[in-house]
Amino acid sequence: MEILIPRIADSALALESVRLDEGAELEVHETDLDSLLFSTAGSGALSLAGETAAIEGGSAALVLAGEEATFVAGAGGLELIRATVGSDADRHAPMGPREVVVALDDAISEQATGARSFQILFGPHNGSTRATLFAGYLPPGRAAWHYHLYDEIVWIPQGPGSLHLRGSENALGPGSAFRLRPREVHVVESSSPDREMTVIGVFTPAGSPSAAYLAPAP
């Protein structure tokens, strides 16, 4: 287990990566933390509340605070990123039936600014009332400077790309992760000349990934 983005005092979010060899288990049982997990490679199974669901690369799972879940890696192992959300996050009232596992192929697709698009894996519509987990797709190039009102962590499956902040630029490659604080002005650039860059993001309070506000260039 590797901590990618540690918990800090004024943020409800943290991120870690988990690699399980074939047959290995991961037990998830947190009293106060919701866990949103995304399978980055491999396959396995999730057992929760007497039910078992298959986990494939590109699928996501939700384990709420107080629940007991077990992930078991299949042949070839299982790789996950796990975002945890503390109890101090703003909560929505439930808006839809609870889901445990969602595949990208079944996730809600929407359009963001310009040619950017995203798929919502978990949010209030399917049981995650503290945070939203999504996959975003960035075409080559960069968007305008902007900010969000939510607190966010972003993980990069593959690059190349760059994170532009006021006064700094950081390269983004496979496995990169970063935190964006509320109202932090930024640009995430896709540096590939011919393909989209995928990002996996989680933010709180839960809402729409397209909720962005333009800011003047530095």
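Look up a bit, the structure's there.
Conventions and cut-offs
- Residues numbered from 1 in each chain as written.
- Predicted model: local features only at pLDDT ≥ 70, side-chain atom pairs only at ≥ 80, totals over all residues.
- Heavy atoms only, no water.
- Core = buried A, V, L, I, M, F, W, Y, C linked by side-chain atoms within 4.5 Å.
- Buried < 20%, exposed > 50% of the residue type's maximum accessible area, 1.4 Å probe, protein only.
- Helix = DSSP H or I, 4+ residues; strand = E, 2+ residues; numbered from the N terminus.
- Contact = heavy atoms within 4.5 Å.
- Phe/Tyr/Trp six-rings, centres within 6.5 Å; stacked < 30°, edge-to-face > 60°.
- Lys NZ or Arg CZ within 6 Å of the ring centre and 35° of its normal.
- Lys, Arg positive; Asp, Glu negative; His and termini not counted.
- Salt bridge = Lys/Arg side-chain N within 4 Å of Asp/Glu carboxyl O.
- Polar contact = N/O pair within 3.5 Å; in protein donor to acceptor, adjacent residues only side chain to side chain.

Draft legend 1. Structural context of the nonpolar core. By size, the foremost hydrophobic cluster in this structure holds 25 residues, and its most contacted members are Leu36, Leu121, Phe122, Leu133 and Val202. Contributions of two or more residues to this core are made by strand E2 (13-20), strand E4 (34-48), strand E6 (59-63), strand E7 (69-85), strand E10 (117-122), strand E11 (132-138), strand E13 (151-155) and strand E18 (197-204). Residues in contact with leucine 121, not counting those within four places in the same chain, are Phe38, Ala60, Val102, Ala103, Leu104, Ala107, Asn126, Leu133, Phe134 and Ala135. Membership of the second largest hydrophobic core comes to 15 residues, among which are Val18, Leu37, Leu46 and Leu48.

Draft legend 2. Inspection of the packing of aromatic side chains at higher detail. Counted according to the given criterion, the structure contains three aromatic pairs. With centroids separated by 5.5 Å and ring planes inclined at 20°, the aromatic side chains of tyrosine 147 and tyrosine 213 adopt a geometry described as stacked. Linking tyrosine 147 in strand E12 (residues 146-147) with tyrosine 213 in strand E19 (residues 213-214), this pair joins segments that are 66 residues apart in sequence. For tyrosine 147, a relative accessible area of 19% gives the class buried. Chaining the aromatic ring pairs together yields one cluster made of Phe134, Tyr150 and Phe203. The aromatic ring of tryptophan 145 is capped on one face by arginine 166, whose charged end is 5.8 Å from the ring centroid.

Draft legend 3. Spotlight on the side chain of arginine 179. Tracing the backbone through its elements, the reader meets arginine 179 in strand E16 (residues 177-180). Notably, arginine 179 is buried but unbridged: the nearest opposite-charge side chain belongs to aspartate 151, and the N-O separation is 4.5 Å. A distance of 2.8 Å separates a polar atom in the side chain of arginine 179 from a polar atom in the side chain of serine 11. Within the structure, the side chain of arginine 179 is placed 3.2 Å from the backbone oxygen of leucine 13, a separation counted as a polar contact. In this structure arginine 179 touches Ile5, Pro6, Arg7, Ile8, Ser11, Leu13, Asp151, Glu152, Ile153 and Glu184, once residues within four positions along its chain are discounted.

Draft legend 4. Broad picture of the pattern of salt bridges. Here the structure, examined in full by the defined rule, presents seven salt bridges. A salt bridge links glutamate 30 to arginine 82, with the shortest nitrogen-to-oxygen separation between them at 3.2 Å. Of this pair, glutamate 30 sits in the loop between strand E3 (25-28) and E4 while arginine 82 sits in strand E7; the two residues are 52 residues apart in sequence, bridging distant segments of the chain. In this structure glutamate 30 comes out as partly exposed when scored by relative accessible area, which is 27%. You can call arginine 82 buried: its relative accessible area is 6%.

The quantities given are spatial measurements derived from coordinates; they are silent on function.
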